[in-house]
Amino acid sequence: MTEDSTLPANNFIRNRIKSDLAQQNVSVITRFPPEPNGYLHIGHAKSICLNFGIAAEFKGHCNLRFDDTNPDKEDDEYVEAIKHDVSWLGYTWQQLEFASNYFEQLYAYAVQLIEGGHAYVCDLNPEQVRAYRGSLTEPGKNSPFRGRSVAENLDLFSRMRAGEFKEGERVLRAKIDMAAGNINMRDPALYRIKHAHHHRTADRWCIYPMYDYAHCISDALEGITHSLCTLEFEDHRPLYDWVLDTLKTPAHPQQIEFARLSLDYTITSKRKLLQLVEDQHVQAWDDPRMPTISGLRRRGYPATAIRDFCERIGITKKDAQIDVGVLENCAREALDHAAPRAMCVLNPIKVVIDNYPAGETEELDVANHPKRPELGRRSLPFGREIYIERDDFMEQAEKKFFRLAPGKEVRLRFAYCITCTEVIKDSNGAIVELHCSYDPLTKGGKTGDGRKVKGIIHWVSCQHSIAVQVNLYDRLFNTPNPGAQDNFTDHLNPHSLISLTDSRAEASLSNSEAMQAYQFERCGYFCRDAEDNAAGQPVFNRTVTLRDTWAKINSK
RNA sequence: UGGGCCGUCGCCAAGUGGUAAGGCACGGGGUUUUGAUCCCCGCAUUCGUAGGUUCGAACCCUACCGGCCCAGCCA
């Protein structure tokens, strides 16, 4: 790498903007144009990072514009959620706009198109329009209403606006070419009638512009220089350009398309995400298993991790399927640096240290972060009875298992080395308690005789620890490409959420704040949920596990 | 079958006529009171395939192969 690694990676859009800038010295203006019909997801994050990132890099700006031209689907709830998500990701928009802000101008431009003989009111019903459109291989036929006079079109269009017609009765169409190979150019609809209540314009309108017509003009009105969108709009670019060219708008933004994000084991379709919420496969849009920005946030993903991810995956025109491991790794990297450490025993088993004086408590002074002393220290109480992780004990241990086993010695993190002396079982043979002895000479790290104790396990004091609930999240789907399945809900992972209600955390966690990230040593990164459970116990959500080389070895 | 687009390591991705960056994953080693982190080392004689142009091709030309998108009065 010859470039400074802090610079964003090269991609074809940056390169193109650079060369555009070399031609003419203008500032770069982009926009992020969500439709407020759902919550933002990780795929939108890619677009947000691109649009805001490009604008910042070239000292321009980015607008947030809601593409609210379809009142049937849009809602203010989504507007507010989207604004929050964009801000949380760390971006600041220049103008906050709505396509609906331009309805009056859009109407005036439509009148202009009609006057120029470039648009006409068509009385065909939707089925007829489809029949006249032809097919992928056959050209379409001209609508019988294509030859209406300008005066008649003007009259009809104003009566459409006035509400004289029912939905579906008439539509305003561009007059382009019914034989075009590109179906978008076969006299596309520009305005349709919808007697619907709009979240911003209320009942002032009963005709609404179509995306292809509204989007390009909105871009032009805002002086957008580069209109970045996803690949499926590539076929729409000729129409985007046609509208702006025939209208002779003061500006003509360039539309550039890039591949949308698809992530392994996840769904990035607003329609399907909405279905997961409505059918209650998840609790809400911000369920920590959702790939929504709000879900990732509640899961504990830092905004920096999401931005880093978007940077790493790049921008291309190639349909790519990204390994979820890349996203997880971004979280690990951000959290390793940011998260103070703590100890929490997920599945506790009680250990009695027989030779430790009963009733005695020692306070161990430990660092909150192994590499960042500025994160401070805390005191950990240690006593005769502790909990350790069930998985850290094995009755029949193989040679490579260097945790606790009968007769084996391990170190308790920050504390003493203990040796297992006895295993206590219930009548069913289940292990209920372990007895150990400790070596008083091993406090703080050394062994008196220089012997090596390789295993280190985490623990909490029985007496001082607090009961917490821990939510262990795993991928929501158990197939790499759920979106491609016939019925994606058939592929939901039944174990995507495991709630542990008997976990024990060190006492310092009782006054942790919501959303505060921690690394539970040897377990993973967690954050306290915004809402604790009904019993008043703190709830911690697992963001991501630690890399687990042992699990890898063990599974071989 | 008409139109548009895409094919560089297992997954991403730079490179755009001068002899294959980087990240993730993977394998090996070191440090470590987290089997974490961190640090080394390894990992495409080859760029979908086949021809051609050129002193020289992943980059140019031709043909083929494979994949994605489009027939909403959705965005």
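Going by the structure above, here's the rest.
Source: prediction; values computed, not measured.

What counts, and where the lines are drawn
Residues numbered from 1 in each chain as written. Chains lettered and ligands numbered in written order. Predicted model: local features only at pLDDT ≥ 70, side-chain atom pairs only at ≥ 80, totals over all residues. Heavy atoms only, no water. Phe/Tyr/Trp six-rings, centres within 6.5 Å; stacked < 30°, edge-to-face > 60°. Helix = DSSP H or I, 4+ residues; strand = E, 2+ residues; numbered from the N terminus. Buried < 20%, exposed > 50% of the residue type's maximum accessible area, 1.4 Å probe, protein only. Lys NZ or Arg CZ within 6 Å of the ring centre and 35° of its normal. 1 Å grid on protein atoms, 1.4 Å probe; cavity = no way out; pocket = protein on both sides within 12 Å on 5 of 7 lines; lining within 4 Å. Points joined across faces, edges and corners; volume = space filled by probe spheres on them. Nonpolar A, V, L, I, M, F, W, Y, C, P; charged D, E, K, R; others polar. Polar contact = N/O pair within 3.5 Å; in protein donor to acceptor, adjacent residues only side chain to side chain. Contact = heavy atoms within 4.5 Å.

A.B. asks: Even after reading the chapter, I still don't get the packing of aromatic side chains, so can you show me in this structure?
C.D. replies: All told, the structure shown has 22 aromatic pairs when counted by the stated rule. Plain terms: the ring middles of Phe157 and Tyr191 are 5.3 Å apart, the flat faces sit at 70 degrees to each other, and that makes the pair edge-to-face. Of this pair, Phe157 sits in helix α6 (residues 150-161) while Tyr191 sits in strand β6 (residues 189-193), placing them 34 residues apart in sequence. There is no split in this pair, since Phe157 and Tyr191 are both buried. An aromatic cluster of three or more residues is present, and its members are Phe103, Tyr107, Phe157, Tyr191, Trp205, Tyr208 and Tyr213. Across the ring face of Tyr107, the terminal group of Arg161 is positioned such that the distance to the ring centre comes to 4.5 Å.

A.B. asks: What exactly am I supposed to notice about the layout of surface pockets here?
C.D. replies: Regions of empty space are outlined by a rolling probe, equal in size to a water molecule, passed over the atoms. Of the pockets and cavities examined, the second largest pocket occupies roughly 810 Å³. Along its surface, the second largest pocket is lined by 26 residues, and Asp392, Arg403, Arg522, Asp548 and Trp550 are the ones closest to its centre. Taken together, the elements giving at least two residues each to the lining of the second largest pocket come down to β27 (539-545) and α13 (549-554). The element best represented in the lining of the second largest pocket is α13, accounting for 4 residues. For the lining of the second largest pocket, the class distribution of residues is 10 nonpolar, 5 polar and 11 charged.

A.B. asks: Which parts of the structure should I look at to understand the side chain of Asn471?
C.D. replies: With respect to the element layout, Asn471 can be found in strand β23 (residues 466-473). What makes Asn471 buried here is its relative accessible area of 6%. Reaching out from Asn471, the side chain makes a polar contact with the side chain of Ser499 at a distance of 2.6 Å. Contact partners of Asn471, with chain neighbours within four places excluded, come to Leu497, Ile498, Ser499, Val539, Phe540, Asn541 and Arg542.

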